[in-house]
Amino acid sequence: MRPLLKELTQGTWSRPTDKSAVYLEIAPGDQWGIRVTLIDDYAKVEAVDGPKGVWYKAPERYSSTLHPPGFLERMAGGTLEEKIMAEVEKKRLVAREENARLAEKS
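Undergrad: Quick question: what am I supposed to make of the overall build of the protein chain here?
TA: From N to C terminus, the protein chain includes two helices and five strands. Ordered by position in the sequence, the α and β elements of the protein chain form the string β-β-β-β-β-α-α. Against the compact-globule benchmark of 13 Å for 106 residues, the protein chain has a radius of gyration of 14 Å, which places it among compact chains. Based on the C-alpha atoms only, the size of the protein chain along its principal axes is roughly 50 × 30 × 25 Å. Sequence separation of 24 or more characterises 36% of the internal contacts of the protein chain that already satisfy a separation of 6 or more.

Pasting the structure below:
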């Protein structure tokens, strides 16, 4: 499947429904990774504990919902893709911190 966001190539894309796409990135040997879910006109970016990790009303540290840029953001040249990629970097950092915490316990 062709990646929907060209920078997201380290993981795998899937299409669970006609209106959504899911990207999952967990490095080999790691427990924590990221998941990006694209649904209609918004996206959800999460740091997840394994491929089946699910958050319900998770703290902002672990899960963020992003909407298309508002009028002023668009005027400044902002795009939803830029917002998603900025949040992906934040969640990758969270996943690295959680993996490091698990490694310390071992």
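Text resumes after the structure shown.
Undergrad: Sorry, what's going on with helix α2 (residues 80–105) here?
TA: One turn of an α-helix holds 3.6 residues; hence residues three or four places apart share an orientation. Its 26 residues give α2 an end-to-end C-alpha distance of 38 Å, which sits within 8% of 38 Å, the value for a rise of 1.5 Å per residue. Those residues of α2 not exposed but buried are Ile84, Met85, Glu87, Val88, Lys91, Arg92, Val94, Ala95, Glu98 and Asn99. The inward-facing, buried residues of α2 abut β2 (20–25), β3 (32–39), β4 (42–49) and β5 (63–66).

Undergrad: Would you mind showing me how to read the packing of aromatic side chains here?
TA: Two measures describe an aromatic ring pair: the distance that separates the ring centres and the angle between the ring planes. A complete count under the given rule lists two aromatic pairs for this structure. Between Trp32 and Tyr62, the ring centres sit 5.7 Å apart and the planes meet at 35 degrees, which makes this aromatic pair tilted. Within this pair, whereas Trp32 is found in strand β3, its partner Tyr62 is found in the loop between β4 and β5, the two being separated by 30 residues in sequence. Comparing Trp32 with Tyr62 shows no difference in burial state: the two are buried.

Undergrad: Is there a simple way to explain the pairing of strand β1 (residues 12–17) in this structure?
TA: For a regular strand, the rule is simple: side chains alternate between the two faces of the sheet. When β1 meets β2, the two strands line up antiparallel, connected through four bridges. For Thr12, the partnering residue across the bridge sits in β2 and is Leu24. Between β1 and β2, which pair antiparallel and follow one another directly, the connecting turn spans two residues.

Reading guide: rules and limits
- Residues numbered from 1 in each chain as written.
- Predicted model: local features only at pLDDT ≥ 70, side-chain atom pairs only at ≥ 80, totals over all residues.
- Heavy atoms only, no water.
- Helix = DSSP H or I, 4+ residues; strand = E, 2+ residues; numbered from the N terminus.
- Rg over C-alpha atoms; globule rule 2.2 N^0.38 Å.
- Contact = heavy atoms within 4.5 Å.
- Expected span 1.5 Å × (residues − 1).
- Buried < 20%, exposed > 50% of the residue type's maximum accessible area, 1.4 Å probe, protein only.
- Phe/Tyr/Trp six-rings, centres within 6.5 Å; stacked < 30°, edge-to-face > 60°.
- Pairing = 2+ DSSP bridges.

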